[in-house]
Amino acid sequence: MSSRDVILGRVRRALGGPAGEPVSYATDIDRSYLREHGSRTTGQTVDLLAENLADYRAVVHRTDAAGLPSLIARLLTARGSQTVLVPPGLPPEWLSAADPTRVQDQEAGTTAELDRVGSVVTGCAVAVAETGTIVLDGSPDQGRRRITLVPDHHICVVRVPDQVVSSVPQALERLAPTRPLTWISGPSATSDIELDRVEGVHGPRTLEVILVSGD
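A few points on the structure. (Residues numbered from 1 in each chain as written. Predicted model: local features only at pLDDT ≥ 70, side-chain atom pairs only at ≥ 80, totals over all residues. Heavy atoms only, no water.)

## What about the sheet that holds strand S12 (residues 206-213)?
Point 1. Taken in spatial order, the six strands line up as S1-S12-S7-S4-S2-S3 in an open sheet, and their pairing is parallel. Each edge of the sheet is formed by a strand with only one pairing partner; in this case those strands are strand S1 (59-64) and strand S3 (101-104). Within this sheet the neighbouring strands show an average axis-to-axis angle of 25°, counted without direction.
Point 2. Relative to S12, strand S7 (residues 153-160) is paired through eight bridges, and the arrangement is parallel. The residue of S12 that forms the bridge with His154 is Leu207.
Point 3. Of the strands in this sheet, S1, S7 and S12 touch helix H3 (residues 42-55), which is tilted by about 150° from S1.
Point 4. Docked against the sheet, helix H4 (residues 68-79) engages S1, strand S2 (83-86), strand S4 (119-122), S7 and S12, running at close to 165° with respect to S12. (Pairing = 2+ DSSP bridges. Helix = DSSP H or I, 4+ residues; strand = E, 2+ residues; numbered from the N terminus. Axes fitted to C-alpha atoms, helices over the stretch in contact; angles between N-to-C directions. Contact = heavy atoms within 4.5 Å.)

## Focus on the nonpolar core
Point 1. In this structure, Leu49, Ile134, Val158, Val209 and Leu211 are the most contacted members of the largest nonpolar core, which totals 19 residues.
Point 2. Of all the secondary-structure elements, those providing two or more residues to this core are H3, strand S6 (133-136), S7 and S12.
Point 3. Among the elements that line this core, the one with the most residues is H3, at five residues.
Point 4. Membership of the second largest hydrophobic core comes to 17 residues, among which are Ala73, Leu75, Leu95 and Ile210. (Core = buried A, V, L, I, M, F, W, Y, C linked by side-chain atoms within 4.5 Å. Buried < 20%, exposed > 50% of the residue type's maximum accessible area, 1.4 Å probe, protein only.)

Shown next as C-alpha cells:
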C-alpha cells in the first residue's frame, strides 16, 4: 500500500465512508449533504441569481423572449461593437435586430482575430443562484471555450426559470463531466498581493447577463 492509499483511506474513514476505494461512487459516497440552503420559490431563486451576479460586478438585464433581440441590439450599440462573435448554434432571432457584422466561430481563427472582436453573444448550460455562477459546456449556442475568454465583452443569455438552479449540486446533475465546462462568476478579475483589483486578465472585462423569460 502506498502513502497515497494510506492518506486517502484516512480521509475516507474521517468522512464516515469505507476505507478502501469506492466500488460505486453512486452508493459508497455519502450524499447526505445539503442540496440547497433554505427554501425559495422560483421567483426568489431567480432574484438571488440576479443579486449574486450583480455582486460579482456582472451587469444584469431582464426581458422576455419578444424583447430579447432589441435588448441585445441596444447593448451592442452602447458598447460600440462593430463586430459580434456568433457560436454556430446561436438562435438567429437573438441577433435579428443587431447591426454589427457577424463573425463566425472558426477552428482556424487565431487569438489575435478573436481579440479584435467587439463582443460575443452566447447562451449557457445552467446558472447557479447561490453562487452567482454561469456555466458553459460548449454546446452549439455557446461555442468553444476560447470565444468567451478572449473577447473583452460577453453577453450571456440565461433562460429563466428553466436554466436556473439553486445550488452547485443541482447544477452538477445537469452537466456532463466529459464536456468542456467553463464556470463564470462575474467578469474576469484578479488581485495582486496589495489587493489591487485588475479586470480582464483571464477573460472578458465586461460580462452582461440577460435573464430572459418565455419561450
